[in-house]
Amino acid sequence: MTTLLTLVPLVLLILSAVPALIIFMMPEHASRARITLNVSAAAVKLVLMAALVPFIMDADIAPEVRFEFVPGIDLVLRVDSLSLLFTLLSALLWLVTTIYAVSYLHGQPNRRRFFGFFALCVTATVGIGFAGNLLTFLLFYEMLTLVTYPLVAHYGTRAALKAARGYLFYALSGGLVMLVGVVWLTMLIGPVEFSVGGAQAVAELAAERPGTAAAIFGLLVAGLGVKAALFPLHGWLPRAMVAPAPVSALLHAVAVVKAGAFGLIRVIDDLYGVEVASELGVLTPLLIVAAVTVLYGSVRALLQDDLKKRLAYSTVSQVSYIALGLTLLSVTATTGGLVHLIHQGLSKITLFFCAGLIAEVWGIKKVSQLDGLGRRMPLTAAAFTVGALSMIGVPPTAGFITKWHLGVGAVEAESSWVVAVLITSALLNAAYFLPPVVRMWFREPTPVPDGPVQERRHPVLEAPPWLLTPALATAGFVLLVGLFAGVPYSPLEVAEYLADRVYQ
């Protein structure tokens, strides 16, 4: 039994990697086999991970497997409660995004390349989630950069290639900065593994050489801040919106920005520990950067007429709620930050699915063109409305659960200025998300010169079912995790469990 348990992280990683390798070997025209393989692997992985949740949490175990990378340094894959929360989100959104992408890219060239790198991207995300030490995390973190580049550049246009080069420059620069931090820390205290509450060796280094420990913390956070889109390291994200809608959904909801945010959680909670980080004085600067990013992203979103760019700047703002919660020194705020990892993913992927649907069916890409869309595409408009209300924080959506916990946590931490930031941010969220919703439902439809797309003129539904169903499903999840936040093994309960352990 023990041997079998140690294989769990490896099996789950293989379930992502092997389909990618098979897809690359398939001929381009084998679309049915490719779809079957992709969807089957995603579904099997999702079921296995969901089955592990009560087992890992109730038994409080963390199955792991090790391989010697170089003498004295192991690669470690470990399934703990935090990694399971992150990878379960990855598995769920991989499944729905695959279904969406199959229909979105129907009839287009280079689908073998797209779905191969798509599966590798998920493999890297799973590796990041299961990484048990800094080195393993860094290897999969860099792998994610490389395998995401072809997805951003997928269309091969000048704009796509320029955006992909920009993404690669930002991501590799961030990875290099992080590498310096990892090497410096490893030279001082040896290979260091993630541990609930922080690694003992890091605590000893902080006690003996606080300046050095703080400098290494700064390098690690700066490197992670690129993918987490912290201001002023966020520039790649809005430019990458030239990518296909499924890639945008993947970048914003599950893979790249979430990898950065997840890395911040590991460094603060499981490498340094909140008490050590607080004593070093490194949390307050990060809190300020996160607060600035929350407001900056919202203001920039308000100025965008391009729908996908508005959503992109919204991501810049919303992902920083995670860093905000981690740095407030409150169990409730940490819970809010951790659960936002899930809630933001579900809400934002819904919005990107809808943006892709609207562009695919009607050719609409701007907020100013959305008048009357609720009559043309009522289900899509309803799903978009749910995602938008969640981003604002309106009950009973998932976003309300996040913002409630962050607000209460800020009060508990006696940080009244953070409460002001959260209120201002919520007002800005409403200012840029309500106008498209109002246009959809309360304006008369206006002619759309470029739409509907010729082959979509007489659809049975308002949109192809395999594009519409994932958007409706994720919108449903946004409502369910908000309405049933208190049920056993809900994202909120898992986040509360993790936050309590951080402060024990």
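Residues numbered from 1 in each chain as written. Predicted model: local features only at pLDDT ≥ 70, side-chain atom pairs only at ≥ 80, totals over all residues. Heavy atoms only, no water.

Some points on the side chain of Thr402
1) Next: Mapped onto the elements, Thr402 comes out in helix H19 (residues 398–412).
2) Next: A relative accessible area of 0% places Thr402 in the buried class.
3) Next: Looking at Thr402, its side chain comes within polar contact range of the side chain of His343, at 3.1 Å.
4) Next: If sequence neighbours within four positions are ignored, Thr402 has contacts with Gly336, Val339, His340 and His343. (Helix = DSSP H or I, 4+ residues; strand = E, 2+ residues; numbered from the N terminus. Buried < 20%, exposed > 50% of the residue type's maximum accessible area, 1.4 Å probe, protein only. Polar contact = N/O pair within 3.5 Å; in protein donor to acceptor, adjacent residues only side chain to side chain. Contact = heavy atoms within 4.5 Å.)

Focus on the packing of aromatic side chains
1) Next: Inspection of the entire model under this criterion finds 15 aromatic pairs.
2) Next: For the pair Phe169 and Tyr170, a centre-to-centre distance of 6.2 Å together with 85 degrees between the ring planes defines the contact as edge-to-face.
3) Next: Both rings, one in Phe217 and one in Tyr272, keep their centres 5.1 Å apart while their planes meet at 85 degrees; by these two values the pair is edge-to-face. Linking Phe217 in helix H9 (residues 210–227) with Tyr272 in helix H12 (residues 256–272), this pair joins segments that are 55 residues apart in sequence. (Phe/Tyr/Trp six-rings, centres within 6.5 Å; stacked < 30°, edge-to-face > 60°.)

Points about H12
1) Next: In this model H12 runs 23 Å from its N-terminal to its C-terminal C-alpha over 17 residues, within 8% of the 24 Å that 1.5 Å per residue would give.
2) Next: Approximately 30 degrees is the largest bend angle found in H12, and it occurs at Arg266.
3) Next: The positive-phi residue at the C-terminal boundary of H12 is Gly273, with phi of around 85 degrees. (Expected span 1.5 Å × (residues − 1). Bend = angle between axes of the 7 residues up to and from the residue.)

Structural notes on the side chain of Ser81
1) Next: Locating Ser81 in the fold gives a position in helix H4 (residues 81–104).
2) Next: Those residues in contact with Ser81 that sit more than four places away from it in its chain are Ile56, Met57, Tyr497 and Leu498.

Describing the environment of Ser416
1) Next: Along the chain, the position of Ser416 falls in helix H20 (residues 416–442).
2) Next: Separated by 128 residues in sequence, Ser416 and Ile288 place their C-alpha atoms 13 Å apart.

As for the packing of H4 against helix H5 (residues 111–130)
Helix packing for two helices is described by the angle between their axes and how far apart those axes are.
1) Next: Relative to each other, H4 and H5 sit at 170 degrees, their axes nearing to 9 Å. In terms of their interaxial angle, H4 and H5 are classed as roughly antiparallel. Every residue of H5 that contacts H4 at Ser83, Phe86, Thr87, Ser90, Trp94, Thr97, Thr98, Ala101 and Val102 is listed here: Phe114, Phe115, Phe118, Ala119, Val122, Thr125, Val126, Ile128, Gly129 and Phe130.
2) Next: A breakdown of the residues in the contact of H4 with H5 according to their chemical character gives twelve nonpolar, seven polar and no charged. (Axes fitted to C-alpha atoms, helices over the stretch in contact; angles between N-to-C directions. Parallel < 35°, antiparallel > 145°, perpendicular 65-115°, else oblique. Nonpolar A, V, L, I, M, F, W, Y, C, P; charged D, E, K, R; others polar.)

Re the environment of Leu84
1) Next: Take Leu84: it is sitting in helix H4.
2) Next: Take Leu84: its relative accessible area is 4%, and that puts it in the buried class.
3) Next: Along the backbone, Leu84 and Glu64 are 20 residues apart, and their C-alpha atoms lie at a distance of 13 Å.
4) Next: Among all residues touching Leu84, those that are not within four sequence positions of it are Met49, Leu52, Val53, Ile56 and Val79.

Concerning the nonpolar core
1) Next: If you look at the biggest cluster of nonpolar residues, it comprises 178 residues, and the most contacted ones within it are Leu271 and Tyr272.
2) Next: No other element matches helix H16 (residues 331–362), which puts 16 residues into this core.
3) Next: Aside from chain neighbours lying at most four places away, what touches Leu271 is Leu134, Leu185, Val192, Phe194, Gly198, Ala199, Val202, Leu220 and Arg266. (Core = buried A, V, L, I, M, F, W, Y, C linked by side-chain atoms within 4.5 Å.)

Quick look at a nonpolar patch on the surface
1) Next: The grouping of Ile14, Val18, Leu21, Ile22 and Met25 at the surface amounts to a nonpolar patch, some 460 Å² of accessible area in total.
2) Next: Looking at the element boundaries, Met25 is found in helix H2 (residues 8–25). (Patch = residues over 30% accessible without salt bridge, like charges linked within 9 Å, V, L, I, M, F, W, Y side chains within 5 Å. Areas by Shrake-Rupley, 256 points an atom, 1.4 Å probe, with all protein chains shown as cover. Salt bridge = Lys/Arg side-chain N within 4 Å of Asp/Glu carboxyl O.)

Points about the pattern of salt bridges
Here the idea is simple: oppositely charged side chains can pair when their charged atoms come close.
1) Next: With the rule as written, the count across this model stands at ten salt bridges.
2) Next: Between Arg266 and Asp80 there is a salt bridge whose closest N-O contact spans 3.2 Å. With Arg266 in helix H12 and Asp80 in the loop between strand E2 (73–78) and H4, this residue pair connects regions lying 186 residues apart in the sequence. Pair check on accessibility: Arg266 and Asp80 agree, each one buried.
3) Next: Note that Arg443 is salt-bridged to Asp371, the shortest N-O span being 3.6 Å. With a gap of 72 residues between them, Arg443 in the loop between H20 and helix H21 (465–483) and Asp371 in the loop between H16 and helix H17 (373–376) connect regions that are remote in the sequence.
4) Next: Judged by relative accessible area, Arg443 falls into the partly exposed class, the value being 37%.

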